[in-house]
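Structural description and commentary
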Amino acid sequence: MRTVLQCGNAAGTETELLIVFTTDTTTEKDAKPEVTLLTEEPSLRQAAAPFLNTGEFSSNPNETLLLHAPQGLQARRLLLVGLGKASKTTLNHVRRAAGTAVRFAKARRLRNLCMVAPVSAAFQEGAERAIAEGAILADFDPDTYRSDRKDLSIESLTVILAEGAEQHAAEERLRHGVVLAESQNFTRSLVNEPGNRLTPTVLGRKAAEMASECGLKCEVYGAEKLHELKMGAFWSVAQGSDEPPALIVLTYEPEGAQPGPVLGLVGKGITFDTGGISLKPADNMEKMKYDMAGGAAMIGAMRAIAQLKPKVKVVAIVCATENMPSGKAQKPGDVQIAMSGKSIEIINTDAEGRLVLADGLAYAKQLGATHLIDAATLTGAVAVALGQINAGAFSNDEETYQRFSNAANRTGEKFWRLPLDEEYRDLIRSDIADIKNTGGRYGGAITAAMFLKEFAEDTPWIHLDIASMAWLEEAKPWTAKGPTGVGVRSIVEWVRSYAR
Ligand code: BES
Ligand code: MN
Ligand code: ZN
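Residues numbered from 1 in each chain as written. Chains lettered and ligands numbered in written order. Predicted model: local features only at pLDDT ≥ 70, side-chain atom pairs only at ≥ 80, totals over all residues. Heavy atoms only, no water.

1. Observations regarding the layout of surface pockets
In this model, the largest pocket occupies a volume close to 860 Å³. As for the largest pocket, its lining consists of 32 residues, and the residues nearest its centre are Lys280, Asp350, Thr379, Gly380 and Ala381. Elements with a minimum of two residues in the lining of the largest pocket: strand S10 (262-273), helix H10 (381-386) and helix H12 (444-456). Of the residues that constitute the lining of the largest pocket, the class distribution is nine nonpolar, twelve polar and eleven charged. In this structure, the second largest pocket encloses a volume near 590 Å³. (1 Å grid on protein atoms, 1.4 Å probe; cavity = no way out; pocket = protein on both sides within 12 Å on 5 of 7 lines; lining within 4 Å. Points joined across faces, edges and corners; volume = space filled by probe spheres on them. Helix = DSSP H or I, 4+ residues; strand = E, 2+ residues; numbered from the N terminus. Nonpolar A, V, L, I, M, F, W, Y, C, P; charged D, E, K, R; others polar.)

Quick look at the structure:
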């Protein structure tokens, strides 16, 4: 999708589809419904006026109304997209509404769009970025393996600013949104790949290709490196598979780097999770191809970081392996020694994500990380707790968490913090080792996080359990079903908060 900025003249613009956002400005409960177009061009308001207060369009969030051959405009069609109640409208509504417009256009084979940037004090000039993000994320469809696939991607999107807007600053904001959304789509395309086509080795190759395109350093190590680093926890998962594991390390170092924080991004990269010897039931097991979504989020985040160039050093580590049952696989009851030296009693081989992350976190610290963030499709329990609305977030440090929470609020991604009280530690006490890898029936997302906390130790750390959000079961008006790329935008925003 090509994105272009234009100043003013929405009425005189020739296009297949002109998109304008609306809000519901009804003042009192029983008053006549009132819909307002968010534009300063009177000709657009005039074109829509005859259809506005007829009751056929109420400007609910993501509601659409299509007008053909709108009066007084050069556009062939005018699409109104609702943002909901004026008093409640946020940039997140704009992001979704822009996405809704793109999905609407795609379904009708319209490929060249113009969108009027909504004018409202509430958006504080962030609308261009939200539009770019919403539009590009909506353009993604995960149907690459269908031989009857029709590529209906949008060719161009022109964002029309108000007359006299500051074009240069708007250009920067638009580009920011483009970079983030394209990186998130890159993550989604990785997550969409099936286990036979995206092995740990292939994931490593794709990370390396991305790195060389974006000017990042990338190293991909195999089993020997795991042994050399004494990554007994990571290897305990990898040992059961015929596919070699990949330890992927991406490094971003800004020019003229000064001493300061080093951010460590650690991702779970299980390219397929059968459960191992504690085998999963067959129902829904095919979904476990997305068990590398945390790792893919870190790779996508690094792609964006390489382009946005914040002044802070970042290392990303993805621990990629399959989790398979075999004659070489680890067994319940086995004891493993992690890179940090801690001994782990394996109760359930299906609790493998925390094992690979334990060594990923330790390695990030060895590489100098002063602050850690991990992302993982770690537990089914997080979806039981939060539903498919919020991802889980955990932290051992208030200041670090606050930065993340602020970052997430800016991106519109939803995370809900869950507790890490010391009392939960009892649930993962082992009789024969330092710790065991499962904590029983209750509080599963928390005991998994408590396990990771043992390996973050004193380093400020955030853990994102994205199992509830990495895969969308039903399409939304603004996005396709399937891989979401959750985490990418908030992680990048968190990283940028450390840039000097
Ligand atoms: N990859 C799964 C978690 C998961 C479940 C992700 C559903 C996405 C959707 C993880 O490795 C796992 O199997 N967790 C177990 C932990 C249990 C054995 C303590 C779980 O959630 O059941
Ligand atoms: Mn598992
Ligand atoms: Zn898993």
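2. Points about the coordination of the manganese ion (ligand 2)
Around the manganese ion (ligand 2), the protein supplies Asp273 (OD), Asp350 (O), Asp350 (OD) and Glu352 (OE) as donor atoms, at distances of 2.0 to 2.2 Å. Angles of 69 to 167° at the metal separate the six donor atoms of the manganese ion (ligand 2), which places the site in the irregular class. Along the chain, the residues donating to the manganese ion (ligand 2) fall in the pattern D-x76-D-x1-E. Taking relative accessible area as the criterion, aspartate 350 reaches 21% and is therefore assigned partly exposed. (Donors = N, O, S within 2.8 Å, 3.2 Å for Na, K, Ca; no water. Tetrahedral: all angles 85-135°; square planar, octahedral: opposite > 155°, others 65-115°. Buried < 20%, exposed > 50% of the residue type's maximum accessible area, 1.4 Å probe, protein only.)

3. Description of the packing of helix H4 (residues 167-192) against helix H13 (residues 488-496)
Running from N to C, H4 and H13 cross one another at 130°; their axes reach a closest spacing of 9 Å. The orientation of H4 with respect to H13, classified from their angle, is oblique. Relative to H13, H4 is oriented so that their crossing is right-handed. Only Val488, Arg489, Val492, Glu493 and Arg496 of H13 make contact with H4, whose side of the interface consists of His176, Leu180, Ser183, Gln184 and Thr187. A per-class count over the contact of H4 with H13 returns three nonpolar, four polar and three charged. (Axes fitted to C-alpha atoms, helices over the stretch in contact; angles between N-to-C directions. Parallel < 35°, antiparallel > 145°, perpendicular 65-115°, else oblique. Left-handed = near helix turned anticlockwise from the far one by under 90°. Contact = heavy atoms within 4.5 Å.)

4. Here's the deal with the packing of aromatic side chains
A full pass over the atoms with the stated rule returns four aromatic pairs. Ring geometry for tyrosine 290 against tryptophan 471: centres 5.4 Å apart, planes inclined by 10°, an arrangement best described as stacked. Taken as a pair, tyrosine 290 in the loop between S10 and helix H8 (293-308) and tryptophan 471 in strand S19 (residues 471-472) lie far apart in primary sequence, 181 residues in all. Comparing tyrosine 290 with tryptophan 471 shows no difference in burial state: the two are buried. Ring plane angle 75° and centroid distance 5.1 Å describe the contact between tryptophan 494 and tyrosine 498, whose orientation is recorded as edge-to-face. Taken as a pair, tryptophan 494 and tyrosine 498 share a single burial class, namely buried. We note lysine 342 situated over the ring of phenylalanine 455; from NZ or CZ to the ring centre the distance is 5.8 Å. Between arginine 417 and the ring centre of tyrosine 401, over which it is positioned, the NZ or CZ distance is 4.4 Å. (Phe/Tyr/Trp six-rings, centres within 6.5 Å; stacked < 30°, edge-to-face > 60°. Lys NZ or Arg CZ within 6 Å of the ring centre and 35° of its normal.)

5. As for the environment of valine 20
Along the chain, the position of valine 20 falls in strand S2 (residues 17-24). Valine 20 sits 28 residues away from alanine 48 along the chain, and the two C-alpha atoms are 9.9 Å apart. The contact partners of valine 20, leaving out residues within four places of it in the chain, are Leu37, Leu38, Thr39, Leu44, Leu78, Leu79, Leu80, Val81 and Val116.

6. Quick word on empty space enclosed by the protein
Overall, the coordinates contain one cavity of 30 Å³ or more when judged by the stated rule. Each pocket or cavity is described by its volume, and for the largest cavity that value is around 40 Å³. Lining the largest cavity are Ser236, Val237, Gly240, Gly276, Ile277, Asn323, Met324, Ala329, Gln330 and Thr349. By residue class, the composition of the lining of the largest cavity is four nonpolar, six polar and no charged.

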